[in-house]
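If you want the building blocks of each chain, they are given just below.
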Amino acid sequence: MLAAKVNTETEEQNRIRFQVELEFVQCLANPNYIHFLAQRGYLKEQTFVNYIKYLQYWKEPDYARYLKYPMCLHFLELLQHEAFRRECVSAQVCKFMDDQAILLWQHYTRRRTRTLQPPDTPVPPTTSNSIQHPPRQP
């Protein structure tokens, strides 16, 4: 009976570890969070670098299917490189990564919308500047 209780605790601990690691990996999709980690010196600590290497298992399809923000896998890969970790301290680098991530999401969303629309449906304008207004009456 005691063995069954130990196994239940282990399963619960594994479930919690899975959730914590899933949340952490997904946080890596946010360049501002990576910048925060770099500013606090975490990216210089060998134990943290080892943890980032350990988290590479999230690239496997069995685990990646749980991710809502797949861009985190790209940043997880970049964090394997010391040069990238050094550059993450810079606010300019963080801003650039953030801008590029937003552009990618915007492009992906527009492209996905066009792909999923039936062929006879008109494509909505992509920006407010492209709305055609009727000519003014004198």
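Below is a summary of the structure that appears in this document. (Residues numbered from 1 in each chain as written. Predicted model: local features only at pLDDT ≥ 70, side-chain atom pairs only at ≥ 80, totals over all residues. Heavy atoms only, no water.)

### A few points about the pattern of salt bridges
Within this structure, the stated rule accounts for five salt bridges. Between Glu82 and Arg86 there is a salt bridge; the shortest N-O distance is 3.5 Å. Residue Glu82 and its partner Arg86 are both found in helix α6 (residues 82-87); the two are separated by four residues, about one turn of the helix. The pair Glu82 / Arg86 is uniform in exposure class, with both members exposed. Note that Asp99 and Lys95 form a salt bridge whose closest N and O atoms lie 2.9 Å from each other. Of this pair, Asp99 and Lys95 are both found in helix α7 (residues 91-116), four residues apart, which corresponds to roughly one turn of the helix. A relative accessible area of 31% places Asp99 in the partly exposed class. (Salt bridge = Lys/Arg side-chain N within 4 Å of Asp/Glu carboxyl O. Helix = DSSP H or I, 4+ residues; strand = E, 2+ residues; numbered from the N terminus. Buried < 20%, exposed > 50% of the residue type's maximum accessible area, 1.4 Å probe, protein only.)

### What to know about the packing of aromatic side chains
Taken as a whole, this structure holds 12 aromatic pairs when the rule is applied. When the ring of Phe24 is compared with that of Tyr33, the centres are 6.2 Å apart and the planes differ by 75°; the resulting orientation is edge-to-face. On the basis of relative accessibility, which here comes to 25%, the residue Tyr33 falls in the partly exposed class. An aromatic cluster is built from Phe18, Phe24, Tyr33, Phe36, Tyr42, Phe48, Tyr51, Tyr54, Tyr57, Trp58, Tyr63 and Tyr66, whose rings are joined through pairwise contacts. (Phe/Tyr/Trp six-rings, centres within 6.5 Å; stacked < 30°, edge-to-face > 60°.)

### Some words on the side chain of His35
On the secondary structure map, His35 appears in helix α2 (residues 31-39). Classification of His35 as buried rests on a relative accessible area of 11%. Each residue touching His35, except ones within four places of it in the same chain, is listed here: Cys88, Val89, Ser90, Ala91 and Cys94. (Contact = heavy atoms within 4.5 Å.)

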